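Letter by letter, the chains look like this.
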Amino acid sequence: MPVDHEFGDQHTELKLSIVEKYLHFFTTALRGKFGELWYIDAFAGTGSRTVRHEERPAGLLDGGEPERVERRRGSAKIAIDVRPAFDFIVFIENKPTYFAALEELRAIHSGRRIAVIKDDANDALQSLIAGNSWHSKRAVLFLDPYGMQLDWSTLERVAATKAIDVWFLFPLSGLYRQATRDLTDVDQHKRAALTRMFGSDAWEEELYPKTVREDLFEGIVEEPRQRSADVAGLEAYAKKRLETIFSAVLKPLPLPLHDRPQRFSLFFCVSNDDPKAIGLASRVGNHILKAGGMAS
């Protein structure tokens with residue numbers, strides 16, 4: 001029985017369309033050049049998503065429409081449908097009902113090499129990377145976390161393979177909720193989340209620079225520390241951090257396109273350090289992102 005997985009809006013369709021275009025390029029361009037081509041989805045969901053269309057009352061010119069629920073492909077089903085096909089597909093999902101739906105999807109496509117892993121995404125990814133040789137493999141990894149679950153140490157492991165292209169829907173709204181305007185409002189829970197996200201506590205000095213003023217009576221006085229970066233500045237900071245471990249990180253697509261405040265940044269990161277590989281992946285990635293940015 002299909003499991004309802006209701007999420008997203010127009011930006012969800014756009015993000016999935018962008019990833020699908022890159023997957024088609026990837027398997028077409030690299031087919032026969034490496035032993036195996038993999039697709040890895042670290043927060044795979046169910047393989048489909050439901051879109052609920054509200055009832056539209058009857059008007060003067062038509063009879064309206066009843067409420068209806070439409071089922072659309074999610075990232076997992078899109079990856080299965082890509083042609084030329086991936087040699088191996090890995091779905092990671094920790095929610096029991098979603099995991100069960102992915103197992104049903106795998107059973108439907110029993111002729112394909114598909115692994116469904118029920119585990120924390122960080123643990124599963126790090127084990128998968130450590131347990132395989134990447135010399136003769138190339139992979140695309142889709143990271144669409146439900147929040148701020150992704151650890152920096154996981155991204156470091158991914159980048160170190162030099163074999164995995166990454167589409168990362170970065171949770172920008174989660175970042176600016178944790179990195180509140182005043183440093184005094186960043187409690188221990190938020191500090192831990194930010195340090196886990198960025199791999200060190202250097203964010204405190206970089207996002208909350210110290211400023212001083214000269215007081216006639218007190219002398220040099222340190223001002224209360226506040227975040228200097230706006231939403232665009234936080235996105236730029238995330239990009240700068242990713243650039244410390246990946247060979248190339250393209251300018252992200254802000255999502256949603258037209259609604260504000262911006263809630264996500266769709267990053268494309270290249271781990272391969274070969275200049276030709278970087279050039280090709282970057283040209284294609286930039287083209288797809290630019291086309292996506294012009295979507296209505």
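Refer to the structure above for everything that follows.
Residues numbered from 1 in each chain as written. Predicted model: local features only at pLDDT ≥ 70, side-chain atom pairs only at ≥ 80, totals over all residues. Heavy atoms only, no water.

Asks: Pulling in residues and values, what's your account of the overall build of the chain?
Replies: For the chain, the count of helices and strands is 10 helices and 12 strands. Looking at the chain as a whole, 49% of its 296 residues are labelled buried. The long-range share in the chain, meaning contacts at least 24 apart out of those at least 6 apart in sequence, stands at 70%. Surface accessibility of the chain: about 14800 Å² in total, with carbon and sulfur atoms responsible for 53%. (Helix = DSSP H or I, 4+ residues; strand = E, 2+ residues; numbered from the N terminus. Buried < 20%, exposed > 50% of the residue type's maximum accessible area, 1.4 Å probe, protein only. Contact = heavy atoms within 4.5 Å. Areas by Shrake-Rupley, 256 points an atom, 1.4 Å probe, with all protein chains shown as cover.)

Asks: Tell me what's going on with empty space enclosed by the protein, and back it up with residues and numbers.
Replies: Tallying each qualifying case throughout the model produces one cavity of 30 Å³ or more. A volume near 90 Å³ is recorded for the largest cavity. Lining the largest cavity are 14 residues, with Leu150, Leu155, Phe168, Phe170 and Met197 positioned closest to its centre. The residue inventory of the lining of the largest cavity, partitioned by class, reads 12 nonpolar, two polar and no charged. (1 Å grid on protein atoms, 1.4 Å probe; cavity = no way out; pocket = protein on both sides within 12 Å on 5 of 7 lines; lining within 4 Å. Points joined across faces, edges and corners; volume = space filled by probe spheres on them. Nonpolar A, V, L, I, M, F, W, Y, C, P; charged D, E, K, R; others polar.)

Asks: Give a description of the packing of helix α1 (residues 10-30) against helix α10 (residues 275-293) that names residues and reports values.
Replies: In the contact formed by α1 and α10, the axes pass within 10 Å of each other and the chain directions differ by 150 degrees. With respect to their mutual orientation, α1 and α10 come out roughly antiparallel. For the pair α1 and α10, the sense of crossing is right-handed. Along its contact with α1, which presents Leu14, Ile18, Lys21, Tyr22 and Phe25, the element α10 presents Leu280, Ala281, Val284, Ile288, Leu289 and Gly292. Class assignment of the residues belonging to the contact of α1 with α10 gives a composition of nine nonpolar, one polar and one charged. (Axes fitted to C-alpha atoms, helices over the stretch in contact; angles between N-to-C directions. Parallel < 35°, antiparallel > 145°, perpendicular 65-115°, else oblique. Left-handed = near helix turned anticlockwise from the far one by under 90°.)

Asks: An account of unusual backbone geometry is requested, with residue identities and associated values reported.
Replies: Of the consecutive residues arginine 83 and proline 84, the connecting peptide bond is found in the cis state with omega at -5 degrees. With respect to the helices, strands and loops of the structure, proline 84 is situated in the loop between α2 (75-81) and β4 (88-92). Omega for the bond connecting leucine 255 with proline 256 falls within 30 degrees of zero, at -5 degrees, which places this linkage in the cis form. On the secondary structure map, proline 256 appears in the loop between β11 (253-255) and β12 (264-270). Notably, lysine 162 is not glycine yet its phi reads approximately 60 degrees, a positive angle. Its place among the elements puts lysine 162 in the loop between α5 (152-160) and β7 (164-170). Taking the relative accessible area as the measure of exposure, lysine 162 reaches 31% and is therefore partly exposed.

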